[in-house]
Amino acid sequence: MSVAAASASELTRARVRSAWIFLTPMMIVLALVAGWPLIRTIYFAFTDANLSALDNTRFIGLANFLEYYEGEWYGLLVDPDWWNAVWNTIWFTVVSVALETVFGMIVALTLNTAFKGRGYLRAAILIPWAIPTIVSAKMWGWMLHDQFGILNEILMGIGIISQPIAWTASPDTAMWAVIMVDVWKTTPFMALLILAGLQILPTDCYEAAKVDGIHPVRVFFKVTLPLIRPALVVALIFRGLDALRIFDLIYVLTSNSRETMTMSVYARQQLVDFQEVGYGSAASTMLFMIIAVLVVLTLTVGKVRLGEDAK
Amino acid sequence: MAEVVLRNVAKQFGNVKVIKGVDLNIADGEFAVFVGPSGCGKSTLLRLIAGLEDITSGDLLIGGERVNAKTPKERGISMVFQSYALYPHMTVYENMAFGLTLAKSGRQEIDKAVRGAAEILELTPLLDRLPKQLSGGQRQRVAIGRAIVRNPRVFLFDEPLSNLDAALRVQMRIEIAKLHKEMGVTMIYVTHDQVEAMTLADKIVVLNAGNVEQVGPPLELYHHPRNIFVAGFIGSPKMNFIKTKIDAAGPDGLKVGLPGGGEAVARVKGDGASAGDSVILGVRPEHLTTQSEGADTVLKGKVDVLEQLGEAYLLHTRLADGTLVTAKIPGDAAYNEGDDISLGVPNELCHIFRASDEIAFGRIM
Ligand SMILES: Nc1ncnc2c1ncn2[C@@H]1O[C@H](COP(=O)(O)OP(=O)(O)OP(=O)(O)O)[C@@H](O)[C@H]1O
Ligand SMILES: [Mg+2]
């Protein structure tokens, strides 16, 4: 007994050792490229650092977040622009992820049926996702352009609008333009994740449903949806977290416009345009904390669900 | 009322002909079993009847009505799949009720149907469980229960017991036989298992490469196989085949030579046969005896391999011409491998097949 136990623990120790050998390089790289900037950012959040005079930095405690000065409150937490950015980000995340899920589901269900050339179509549908965001954002920027854009050209040609619309500049349409481009770009990713979920479904259930004469719509809601729920939840978490830190697409399409400004765009504006490294870092730190809390929440909820499945 | 009739039914996948013109009559309330080697088209034929595959040509009639273009539900069939095909996220109750909910029956009627089926199959204590919380046999019963509640005209089973262990198979086999008696509906059953086929069937359909080789009650197929394929397929271990020639044809049988000398007079109608024709002698392992005295004929050989089964033993015996003949003898073996042996061959239990087309001569009974 004790001999077996000893050799087992020896084996475990050897495994742990080789695990560390493999992990160490990755952890060093992560610490350098992710850990260090993160710590610097959090540190700057508690200072009055300025981009033009980084040497002359003072520690000012929580003043970047909230400060009471001569009868008035100052700081990030009372900045209406910040809360506007937070609201924009949440709105963007909820709407774009919801649309991507619905369209991704439709695409995945279509691709999951057997037809000729399915392989090519599966590859082709990934193209929007494979194009670098900066490229597709620029491309859409031109297509949405109020004077030279093809979208206005088409819509005016078929008589839906009589005047060119400044899609990305007009307050009414800017957010929707951004959401549309994001949906265009990310639906393939969603479709791919859902398709992966669909492909592992047991086919015999569907034959049983067919024999029982159950309507396909009912089969979708009562069989398919519950069965792909795990894959769907993973896809939703992935996309949700990704959408919360959206920057490139919005910055390229609408620059610093107030209508579409997200938390990331706000932080960049403070940090680079206004040179307020301290204040911008405070915004970045808040963004980091919001996402961290959401990750922890989703992971906890996810664990509870996994626990149920395992019983 | 719900007889199933196939008229020249054929099925083609692309260029591959899988079912090549099957004619079949299954009477109302009859238990028909499809058997045949793997890949011969048993499942395909069943799926054609179910409506899960399109019939390429021919007619399928259920209850006198042509149903080629009807959905499975309109055909009034229920199917039990080999893999059970239960919905993994639904409880036993929901699995059984799911197919009913859209039919116009009310909630109470559904409840009554499900609880009734659960009672028959002894599933009542399990109604709130998920499929993964059940044993294989229980899952299989749920799959059968789901088929019962639909109150079908025709029941289809595709190898429903092949995932179960031996003891459970016997138990479920008996339950299915009981179910057939109680419900009295037409059942069509696909299996690999000889014993299932023999015990359950009113009528066995032997399929081979998309063709029906023979249709008949189990014992008729056992005693009067139409050709070598059926003779070899029905019965286990398989019938022994010995190549030989006709020595003489008479009114009470065909006299054929045996390897290593001796002659057997097989009690078959030798119409059209004449001395010198090449034939194949068939004799079942369980019909050979080790009592050579008093036997009609004797086969001499050497025991090659001996297999003990407990209730019986198998003597794989090498004859003078190299043919391997298996004898199944009850009791414990009194022989060793390498022993010389004489096997008794009963004339009235011999089969003779023409070598040219492998068709059997009718036996004189
Ligand atoms: N969808 C299909 N496309 C092409 N060929 C098929 C298809 N389904 C079945 N076949 C072919 O048809 C033949 C009969 O298949 P089937 O499943 O009916 O055999 P089976 O008798 O049920 O065999 P088993 O006893 O192994 O289950 C096989 O050769 C198989 O390869
Ligand atoms: Mg099969």
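Predicted model, so just to flag it, every value in this text is computed and none were measured.

Some points on the overall build of chain B
- A count of helical and extended segments in chain B gives nine helices and 19 strands.
- Its C-alpha atoms give chain B principal-axis dimensions of roughly 75 × 45 × 35 Å.
- Here chain B holds 365 residues, and 51% of them are scored as buried.
- Taking all contacts inside chain B whose residues are at least 6 apart in sequence as the whole, residues at least 24 apart take part in 65%.
- Carbon and sulfur atoms form 49% of the exposed surface of chain B, whose accessible area is close to 15900 Å².
- Of the side-chain charges in chain B, 40 are positive and 44 negative, and the distance between the mean point of each set is 7 Å.

With respect to the nonpolar core
- Within the largest apolar cluster, 56 residues are counted, with the highest numbers of intra-cluster contacts made by Val-4, Leu-6, Phe-34, Tyr-87, Leu-156 and Ile-188 of chain B.
- Among the elements that take part in this core, helix H9 (residues 216-244) of chain A stands out by supplying seven residues, more than any other.
- Excluding anything up to four places from it in sequence, Tyr-87 of chain B contacts Cys-205, Ala-208, Ala-209, Asp-212, Ile-214 and Val-223 of chain A together with Asn-95, Phe-98, Pro-131 and Arg-146 of chain B.
- Ranked by size, the runner-up nonpolar core spans 46 residues in total, among them Ala-118, Phe-155, Leu-164 and Ile-234 of chain B.

Notes on the interface of chain A and chain B
- The partner chain B presents 24 residues to the 18 residues of chain A that form the contact.
- Both faces combined, the contact of chain A with chain B buries some 1800 Å², and carbon together with sulfur accounts for 62% of it.
- Taken as a group, Val-211, Asp-212 and Arg-218 of chain A account for 33% of the area that chain A buries against chain B, more than any other trio of residues on that side.
- Along the contact surface separating chain A from chain B lie two salt bridges.
- One salt bridge in this structure joins Asp-212 of chain A and Arg-150 of chain B, with 2.8 Å as the shortest N-O distance.
- Where chain A touches chain B, the interface holds seven residue pairs in polar contact (both at pLDDT 80 or more).
- Where the side of chain A that touches chain B is concerned, the elements lending two or more residues are helix H8 (203-211) and H9 of chain A.
- Counting residues per element, the side of chain A that touches chain B draws most heavily on H8 of chain A, at seven residues.

Overview of the packing of helix H2 (residues 80-111) of chain A against H9 of chain A
Residue and element names in this part refer to chain A.
- Where H2 meets H9, the closest approach of the two axes is 10 Å, and the angle between their N-to-C directions is 140°. One element, H2, and the other, H9, form an angle in the oblique class. In this structure, H2 meets H9 at a crossing whose hand is right-handed. Contacts between H2 and H9 involve Thr-89, Phe-92, Thr-93, Ser-96, Val-97, Glu-100, Thr-101, Met-105 and Leu-109 from the first element and Phe-220, Leu-225, Ile-228, Leu-232, Leu-236, Arg-239, Gly-240, Ala-243 and Leu-244 from the second.
- Taken together, the residues of the contact of H2 with H9 sort by class into eleven nonpolar, five polar and two charged.

Here we look at the sheet that holds strand E18 (residues 340-345) of chain B
All names here are of chain B.
- Overall, antiparallel pairing links the four strands, which are arranged E17-E16-E15-E18 in an open sheet. The open sheet has two free edges, formed respectively by strand E17 (324-330) and E18, since each of these has just one partner strand. In this sheet, adjacent strand axes meet at a mean angle of 50° when their direction is disregarded.

Examining the site of ligand 1
Residue and element names in this part refer to chain B.
- Lining the immediate environment of ligand 1, one finds Phe-13, Val-18, Ser-38, Gly-39, Cys-40, Gly-41, Lys-42, Ser-43, Thr-44, Glu-159 and His-192.
- Between ligand 1 and Lys-42 there is a distance of 2.7 Å, counted from an oxygen atom to a side-chain nitrogen or oxygen.
- His-192 is positioned such that a nitrogen or oxygen atom in its side chain is 3.1 Å from an oxygen atom of ligand 1.
- Out of a free accessible area of 630 Å², ligand 1 has 57% covered by protein chains.
- Examining the composition of the shell around ligand 1, we find that three residues originate from one element, helix H1 (residues 42-50), more than from any other.
- Of the residues assigned to the shell around ligand 1, the class counts are three nonpolar, six polar and two charged.

Details of the side chain of Asn-347 of chain B
- With respect to the helices, strands and loops of the structure, Asn-347 of chain B is situated in the loop between E18 and strand E19 (351-354).
- Among residues more than four places away in sequence, those in contact with Asn-347 of chain B are Ala-264, Val-265, Ala-266, Arg-267, Asp-296 and Thr-297 of chain B.

Observations concerning a nonpolar patch on the surface
- Taken together, the side chains of Val-16, Trp-20, Leu-23, Met-26, Met-27, Ile-28, Val-29, Leu-30, Leu-32 and Val-33 of chain A present a nonpolar region at the surface, about 970 Å² in accessible area.
- Relative to the elements of secondary structure, Ile-28 of chain A occurs in helix H1 (residues 2-45).

Concerning the sheet that holds strand E9 (residues 203-208) of chain B
All names here are of chain B.
- Here six strands make up an open sheet; going across it, the order is E6-E7-E8-E3-E9-E10 and the pairing mixed. At either margin of the open sheet sits one strand with a lone partner, and together these are strand E6 (77-80) and strand E10 (211-216). Along the sheet, successive strands turn relative to each other by an average axial angle of 20°, direction set aside.
- Sheet topology note: the strand E7 (residues 154-158)/strand E8 (residues 186-190) ladder contains five bridges and is parallel. Bridge assignment links Asp-158 to a residue of E8, and that residue is Val-190.
- Of the strands in this sheet, strand E3 (31-35), E7 and E8 touch helix H6 (residues 166-183), which is tilted by about 160° from E8.

A closer look at the packing of aromatic side chains
- Summed over the entire model, instances satisfying the criterion amount to 20 aromatic pairs over all chains.
- Aromatic side chains Trp-91 of chain A and Trp-176 of chain A sit 6.0 Å apart centroid to centroid with 90° between the ring planes, which places their arrangement in the edge-to-face category. Within this pair, whereas Trp-91 of chain A is found in helix H2, its partner Trp-176 of chain A is found in helix H7 (residues 174-199), the two being separated by 85 residues in sequence.
- An angle of 45° between the planes, with centres 5.7 Å apart, marks the rings of Phe-31 of chain B and Tyr-189 of chain B as tilted. Residue Phe-31 of chain B is found in strand E3, and its partner Tyr-189 of chain B is found in strand E8; the two are separated by 158 residues along the sequence. Each member of the pair, Phe-31 of chain B as well as Tyr-189 of chain B, is classed as buried.
- In this structure an aromatic cluster arises from ring pairing among Phe-31, Phe-155, Phe-157 and Tyr-189 of chain B.

Things to note about the packing of H2 of chain A against H7 of chain A
Residue and element names in this part refer to chain A.
- Running from N to C, H2 and H7 cross one another at 45°; their axes reach a closest spacing of 6 Å. On the basis of the axis angle, H2 is oblique to H7. Of the two possible hands of crossing, H2 and H7 adopt the one that is right-handed.
- Of the residues that constitute the contact of H2 with H7, the class distribution is 20 nonpolar, six polar and two charged.

Digging into the pattern of salt bridges
- Enumeration according to the criterion identifies 20 salt bridges over all chains in this entry.
- The partner of Glu-263 of chain B in a salt bridge is Lys-255 of chain B, and the shortest N-O contact between them spans 3.8 Å.
- Classification of Glu-263 of chain B as partly exposed rests on a relative accessible area of 36%.
- One network of salt bridges, with partners in common, ties together Glu-100, Asp-182, Arg-239, Asp-242 and Arg-245 of chain A.

Regarding unusual backbone geometry
Residues and elements named next belong to chain B.
- Here Ser-236 and Pro-237 are connected by a cis peptide whose omega angle stands at -5°.
- Secondary-structure assignment places Pro-237 in the loop between helix H9 (228-233) and strand E11 (240-250).
- Of note in this structure, Asn-8 is not a glycine but carries a positive phi near 50°.
- Looking at the element boundaries, Asn-8 is found in strand E1 (residues 4-13).
- For Asn-8, a relative accessible area of 47% gives the class partly exposed.
- Of note, Glu-122 is a non-glycine position whose phi angle comes to about 55°, a positive value.

Criteria and thresholds
Residues numbered from 1 in each chain as written. Chains lettered and ligands numbered in written order. Predicted model: local features only at pLDDT ≥ 70, side-chain atom pairs only at ≥ 80, totals over all residues. Heavy atoms only, no water. Helix = DSSP H or I, 4+ residues; strand = E, 2+ residues; numbered from the N terminus. Buried < 20%, exposed > 50% of the residue type's maximum accessible area, 1.4 Å probe, protein only. Contact = heavy atoms within 4.5 Å. Areas by Shrake-Rupley, 256 points an atom, 1.4 Å probe, with all protein chains shown as cover. Lys, Arg positive; Asp, Glu negative; His and termini not counted. Charge placed at Lys NZ, Arg CZ, Asp CG, Glu CD. Core = buried A, V, L, I, M, F, W, Y, C linked by side-chain atoms within 4.5 Å. Buried area = accessible area lost by both parts, 1.4 Å probe. Salt bridge = Lys/Arg side-chain N within 4 Å of Asp/Glu carboxyl O. Polar contact = N/O pair within 3.5 Å; in protein donor to acceptor, adjacent residues only side chain to side chain. Axes fitted to C-alpha atoms, helices over the stretch in contact; angles between N-to-C directions. Parallel < 35°, antiparallel > 145°, perpendicular 65-115°, else oblique. Left-handed = near helix turned anticlockwise from the far one by under 90°. Nonpolar A, V, L, I, M, F, W, Y, C, P; charged D, E, K, R; others polar. Pairing = 2+ DSSP bridges. Near = heavy atom within 4 Å. Patch = residues over 30% accessible without salt bridge, like charges linked within 9 Å, V, L, I, M, F, W, Y side chains within 5 Å. Phe/Tyr/Trp six-rings, centres within 6.5 Å; stacked < 30°, edge-to-face > 60°.

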